[in-house]
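Residue-level structural notes
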Amino acid sequence: MVSIEQKYFFAVGQQSFESNGRHFSTLIPIATLDGEVIDDPRRSFPNRGRVWWMVRGDSRVAYAPPGCLLLAGIEDALEVSIDSNKDRYQSLQPVLPRPIDLIEILTPQVSISDPSDLLDDFRMRCNHEPTRFVLVRLGGSLYGPLKVELSGPENEREMQPEIALSKPAAPNKVYRISTSLSPQRRGYISHSTYVWPSDRMLGENDGYRVRYEAVTGALLEELLDEGEEIELVAMRESIRQITSGFLSRKQRQEFLAKLDSFVDQADASPEALRRAKQMLSRQKERLGALNEFFDGLLSDESFRPRIDAAVEAKVDARVNELAAQIDARAQERVKDLTQKRSDLEVQIKEEEARFQREKAQRQRDLEDELKRMRAENEAEINNKIGELEQLEEVVKGSLEAVANRLAEERGSLINEYLALEPLLQRLIPASAQRGGTETSTAMQTSAPPATRLPLPNVTARDLRPSELTEEAFFDRLTEHVNTCGFSYDPDDLLAFHLSAKERAPVILGGVSGTGKSSCRLALKLKNASVSFLFGI
């Protein structure tokens, strides 16, 4: 009974064909997963005894030729129909069977007495592409598992390929199985069916009959347990075990002469030694026959000219071949260098163009930056010029106001100065006035003696600047002003002190009532007199 939950072994029924951009093929049921052969596919897989397959996925599966075994599950077709040309089931994505699933048994058509010969130059033509690992029947025994080597690319596989065999990589074990197999043993498959080499399914008379002999993975485990592990050694493997590098052709005769002692002393397995002796014995026989043949040719003088001509022709051919190879390599090298030169020239031009673009861009950026800085500087200069013009107008207006005021109040300022002149003469000692003008002297002579104003209790020693420091004088001046009841900023007093030291008239400014006229400050400088002008 067919179950969509079970997997089956199928044979590819035909070459794939394309429809609406997709590739399709059909699969022919062979057996169940446990090895039960499907003798009547039409009864289990209506209507044609086939399974519909949309080809896709792994290339090893997609390019499987007709007759190749695959393992796959099934599901109901998208369109279930009773039409005899419509399949009831379609395949899920198939895979190639592994040894744990299924392994085929191959029987060579030639007689082979030594199983190790299977690993040498053995070639076998199969009527279908076998599983990747096989058992080989020699006489009444099975040998394997052995790996199948296919020739050609994956997408050009043949329906009847010629295969070679090799030992599996892992595990690297080969068994001899002497147990006989019968159709009644569970897991043994012996079956044949028809496949179609083309992409169309025709009648059975137009098909190609394929016969299968295989065992399931479960039965293979039983057979290996019953079998005997043996060692199969290929010729190349035996030589590799004896020596990693073979002798030169000139040393070959000596090697063959010392064959027995050399092989007996080699560190290799008995099977490898036996194979090496067998191969080298054959080589020795062949070399002996060849030597006799060539000795006969060389001893015959009639062949001497032909031999010399053949040697010369061979040398010329070899020289011409080498010359052609050298010339081809030189031309290829010149072509590569020319191409590299062209690529470099193109690259240089691209770099130059890029450099010119970057240069022009940077030039434009610098010009824009200079324009911006020039505009900013010009704007700042214009602002400073405007500020200076405004300041000039303000100063000009202030100077005009001061000049007008001096012109208008000239008389009052002179009167105030004349009013203070007698006071100043009393405050300044007579010795300081000896260098004065004749006008001031006349005024002192004609003027009546005035009453002396009361001065602070300061001795003459205290008034001598030679014995009084400037800092002490200014501190005393500040203390005296505060004692007299005035409140002045120390910076203003310092400005007044410094102005008075310049021996020029000092203008005391301020509105009326601020104490200009009642100021009783006295400043005595060395050999100098101070005049006070009172404003406003």
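What you see is a predicted model, and the numbers here were worked out from it, not measured in a lab.

Side note on the overall build of the chain
- Counting its secondary structure elements, the chain contains 13 helices and 17 strands.
- Per-residue burial over the chain gives 29% buried out of 536 residues.
- Of all intrachain contacts in the chain linking residues separated by at least 6 positions in sequence, the fraction that spans at least 24 positions is 68%.

A few points about the pattern of salt bridges
- Counted according to the given criterion, the structure contains 20 salt bridges.
- Two residues, Asp-87 and Arg-48, come together in a salt bridge whose shortest N-O distance is 2.5 Å. Here Arg-48 lies in the loop between α1 (41-44) and β4 (51-55) and Asp-87 lies in the loop between β5 (69-76) and β6 (89-91), a separation of 39 residues in the sequence.
- In this structure Asp-87 comes out as buried when scored by relative accessible area, which is 7%.
- By relative accessible area, which is 18% here, Arg-48 ends up buried.
- Linking Arg-157 and Glu-129 is a salt bridge whose minimum nitrogen-to-oxygen distance equals 2.8 Å. Of the two residues, Arg-157 is situated in the loop between β10 (141-150) and β11 (162-166) and Glu-129 in the loop between β8 (124-125) and β9 (133-138); the sequence distance between them amounts to 28 residues.

A word on the pairing of β10
- With 7 of 10 residues buried, β10 lies mostly within the body of the structure.
- Pairing analysis gives 3 bridges linking β10 to strand β12 (residues 174-177), with the strands arranged antiparallel. Note on β12: the bridge partner recorded for Gly-144 is Tyr-175.
- In this structure, β10 lies alongside β11, joined through 4 bridges in antiparallel fashion. Paired with Lys-147 across the two strands is Ser-166, which belongs to β11.

With respect to helix α12 (residues 470-483)
- An ideal rise of 1.5 Å per residue puts 20 Å on 14 residues; α12 measures up with 20 Å between its terminal C-alpha atoms.
- Those residues of α12 that are buried lie in contact with α13 (490-500).

What to know about a nonpolar patch on the surface
- A cluster of nonpolar residues, Leu-388, Leu-391, Val-394, Val-395 and Leu-399, forms a patch on the protein surface that exposes about 490 Å² of accessible area.
- By the element assignment, Leu-399 lies in helix α8 (residues 304-408).

Re unusual backbone geometry
- Pro-145 follows Gly-144 through a cis peptide bond whose omega is 0°.
- Among the structural elements, Pro-145 can be located in strand β10.
- Even without glycine at this site, Asn-20 takes up a positive phi of about 55°.
- Looking at the secondary structure, you find Asn-20 in the loop between β2 (17-19) and β3 (22-32).

Comments concerning the packing of aromatic side chains
- Tallied over the full model, the rule gives 7 aromatic pairs.
- Seen in terms of ring centroids, Tyr-8 and Phe-45 are 5.6 Å apart; in terms of plane orientation they differ by 85°. Their pairing is edge-to-face. Of this pair, Tyr-8 sits in strand β1 (residues 7-12) while Phe-45 sits in the loop between α1 and β4; the two residues are 37 residues apart in sequence, bridging distant segments of the chain.
- We classify Tyr-8 as buried; its relative accessible area is 2%.
- A residue is classified by how much of its surface remains accessible, and Phe-45, at 0% relative accessible area, is buried.
- By way of ring pairs, the aromatic residues Tyr-8, Phe-10, Phe-45 and Tyr-89 are connected into one cluster.

Observations regarding the nonpolar core
- Counting residues in each nonpolar core, the largest one holds 19 residues, and the members touching the most others are Leu-118, Val-136, Leu-146, Ile-163 and Leu-165.
- Mapped onto this core, the elements with two or more residues apiece are β9, β10 and β11.
- Dropping the residues within four chain positions of it, Val-136 is found in contact with Leu-106, Pro-108, Leu-118, Ser-141, Leu-142, Tyr-143, Leu-146 and Leu-165.
- Phe-10, Val-12, Leu-27 and Trp-53 belong to the second largest nonpolar core, which has 18 residues in total.

As for the confidence of the model for the chain
- Looking at the chain as a whole, its pLDDT mean stands at 79, while 73% of the residues score no less than 70.
- Every residue in residues 434-453 is under pLDDT 50, and counting partners more than four places away or in other chains gives 8 contacts.
- Per-residue pLDDT stays below 50 along residues 455-465; that stretch engages in 10 contacts with residues further than four places along the chain or on separate chains.

A word on helix α3 (residues 217-226)
- Turning to α3, its buried residues number three or more, namely Gly-217, Leu-219, Leu-220 and Leu-223. Considered in projection along α3, the buried side chains sweep an arc of 150° and stay on one side of the axis. The exposed residues of α3 that point more than 90 degrees off its buried face are Ala-218, Glu-221 and Asp-225.
- Those residues of α3 that are buried lie in contact with β7 (102-106), β9, β12, β13 (188-195) and β14 (208-216).

Here we look at the environment of Phe-474
- Of note, Phe-474 is situated in helix α12.
- Here the alpha-carbon distance between Phe-474 and Leu-493, two residues 19 residues apart in the chain, equals 8.6 Å.
- Setting aside residues no more than four positions away along its own chain, Phe-474 makes contact with Pro-490, Leu-493, Leu-494 and His-497.

Regarding the packing of α12 against α13
- Two numbers describe how α12 lies on α13: the axes approach to 11 Å, and their chain directions differ by 125°. Classified by the interaxial angle, the pair formed by α12 and α13 is oblique. In terms of crossing hand, the pair formed by α12 and α13 is right-handed. Contacts between α12 and α13 involve Glu-470, Phe-473, Phe-474, Thr-478 and Val-481 from the former and Pro-490, Leu-493, Leu-494 and His-497 from the latter.
- Residue composition of the contact of α12 with α13, by class: 6 nonpolar, 2 polar and 1 charged.

What to know about the environment of Pro-115
- With respect to the helices, strands and loops of the structure, Pro-115 is situated in the loop between β7 and β8.
- In this structure, the C-alpha to C-alpha distance between Pro-115 and Gly-144, residues 29 residues apart in sequence, is 9.9 Å.
- Once residues lying within four places of it in the same chain are set aside, the contact partners of Pro-115 are Leu-138, Tyr-143 and Leu-232.

The rules behind the values
- Residues numbered from 1 in each chain as written.
- Predicted model: local features only at pLDDT ≥ 70, side-chain atom pairs only at ≥ 80, totals over all residues.
- Heavy atoms only, no water.
- Helix = DSSP H or I, 4+ residues; strand = E, 2+ residues; numbered from the N terminus.
- Buried < 20%, exposed > 50% of the residue type's maximum accessible area, 1.4 Å probe, protein only.
- Contact = heavy atoms within 4.5 Å.
- Salt bridge = Lys/Arg side-chain N within 4 Å of Asp/Glu carboxyl O.
- Pairing = 2+ DSSP bridges.
- Expected span 1.5 Å × (residues − 1).
- Patch = residues over 30% accessible without salt bridge, like charges linked within 9 Å, V, L, I, M, F, W, Y side chains within 5 Å.
- Areas by Shrake-Rupley, 256 points an atom, 1.4 Å probe, with all protein chains shown as cover.
- Phe/Tyr/Trp six-rings, centres within 6.5 Å; stacked < 30°, edge-to-face > 60°.
- Core = buried A, V, L, I, M, F, W, Y, C linked by side-chain atoms within 4.5 Å.
- pLDDT = per-residue confidence, 0-100.
- Arc of directions from axis to C-beta.
- Axes fitted to C-alpha atoms, helices over the stretch in contact; angles between N-to-C directions.
- Parallel < 35°, antiparallel > 145°, perpendicular 65-115°, else oblique.
- Left-handed = near helix turned anticlockwise from the far one by under 90°.
- Nonpolar A, V, L, I, M, F, W, Y, C, P; charged D, E, K, R; others polar.

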